[in-house]
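# Examining the three-dimensional arrangement
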Amino acid sequence: MASIYSTNGETDQVLVEEKFSVRIFTLNRPKQLNALSFEMVSRLLELFITCREDSTVKLLILKGKGRAFCAGGDVAAVVRDITKGNWRSGASYFRKEFTLNYVMATYSKLQVSILNGIVMGGGAGASVHGRFRVATENSLFSMPETALGLFPDVGSSYYLSRIPGFFGEYVGLTGARLDGAEMLACGLATHFVRSERLSLLEEALCKADSSDPAVISSTISQFSHVPQLKKSSVYYRLNIINKCFSRRTIEDIIGSLEIENNGKDEWFTSTIQTLRKASPTSLKISLRSIREGRLQGVGKCLVREFRMVSHVVRGEISKDFVEGCRAILLDKDRNPKWNPAKIEDVSEEMVDRYFSKLDEDDWEDLELPVRSNLTAHAIAKL
């Protein structure tokens, strides 16, 4: 087991191993829960492109060191740049991250992501777009962006809009936490393997020496099972979630939850409270983004999301992202002062602006890399 690339201070954030025809990439910032730094995103993009051109590589395995797969993008670094007046640097981070998401989504080789631990935000973007996603009893999935004044990005308007019913709207708007069994049930994970069997799975995948999806799937299946959902699982509430979260507006969704709430069910109360605590602007742009994602391929979703996130980091329409990160990640007083403060004060005209091209000199939309040798699986996403 040898590292195939020289390492230094930057590339040590992603460890690389070569085993037969398999390349194993390990996210290596355990103290930061493997939050994706600009260096990590750049390194992963470089590695994926290099392996794509290497005919000896048949399979990529992506995993995280420590108790997280990846807790998301390093938004604290982005906010530091914004507060120094350098929002373009933050936008550059997202440009590179979204390019990586697109490369993963349209990759011509197989990616197996081992989601043993926390999978949030950018961590979902680095895994859900790949062909195989293995959850465990330690998996914890969440898209917590609306509490930070952001929106579910990294192509999530594509994949959240394609999980059953309106569960994606629920997960994206509330930041609800899902365990491994729930991830498997809704399709965010393709397999469930107990953590003590992961090393055996990895060994079997390396020995399989195959680029055939059927072979890789059956190899993972030898170690996997379908876990029982907990009695308290929110997935059992899919019917009521579909009824409430299919509504046209955020106001209608909250109103529907309030009507359905009989006062005895804590889930309704906490869901309503979560929505009311989130950034009103974030809720409105998130709902529209997921709804538009239902009708778009992954590339169009990422191009649109890049426009949106560029407006977010520029902070001209609203500064909720900086305020949300201050309240949740930096000062940790958990008391953000949103502006606008009320959902009804976020106008349609404000929402429209997030979806428009930036009116900036020399500004360019996200340009997706030209793809070739696409698999049928990748073509279906376009």
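Notes on the structure follow. Quick caveat: nothing in here was measured; it's all calculated off a predicted structure.

Rules used throughout
Residues numbered from 1 in each chain as written. Predicted model: local features only at pLDDT ≥ 70, side-chain atom pairs only at ≥ 80, totals over all residues. Heavy atoms only, no water. Pairing = 2+ DSSP bridges. Helix = DSSP H or I, 4+ residues; strand = E, 2+ residues; numbered from the N terminus. 1 Å grid on protein atoms, 1.4 Å probe; cavity = no way out; pocket = protein on both sides within 12 Å on 5 of 7 lines; lining within 4 Å. Points joined across faces, edges and corners; volume = space filled by probe spheres on them. Nonpolar A, V, L, I, M, F, W, Y, C, P; charged D, E, K, R; others polar. Contact = heavy atoms within 4.5 Å. Polar contact = N/O pair within 3.5 Å; in protein donor to acceptor, adjacent residues only side chain to side chain.

### Considering the sheet that holds strand β9 (residues 178-179)
Read from one edge of the open sheet, 4 strands run β4-β6-β8-β9, paired in mixed fashion. Each having just a single partner strand, β4 (68-70) and β9 make up the two edges of the open sheet. Both β4 and strand β6 (residues 118-120) contribute to a ladder of 2 bridges, which runs parallel. Counted as the bridge partner of C70 is V119 from β6.

### So, the layout of surface pockets
Each pocket or cavity is described by its volume, and for the largest pocket that value is around 1400 Å³. Along the walls of the largest pocket sit 46 residues, with M120, P144, L148, R177 and I328 positioned nearest its centre. Among the elements of the structure, α2 (75-83), α3 (87-105), β6, β8 (140-142), α6 (167-174), α12 (266-277) and α15 (320-330) are those that each provide at least two residues to the lining of the largest pocket. Considered class by class, the residues forming the lining of the largest pocket number 23 nonpolar, 14 polar and 9 charged.

### Quick word on the environment of S246
Here S246 shows up in the loop between α10 (238-245) and α11 (250-260). The spatial distance from the C-alpha of S246 to the C-alpha of S256 is 9.8 Å, given a sequence separation of 10 residues. In this structure S246 touches F166, I241 and R291, once residues within four positions along its chain are discounted. Only 2.7 Å separates the side chain of S246 from the backbone oxygen of N242, close enough to count as a polar contact. There is a polar contact of 3.3 Å between the side chain of S246 and the backbone oxygen of K243.

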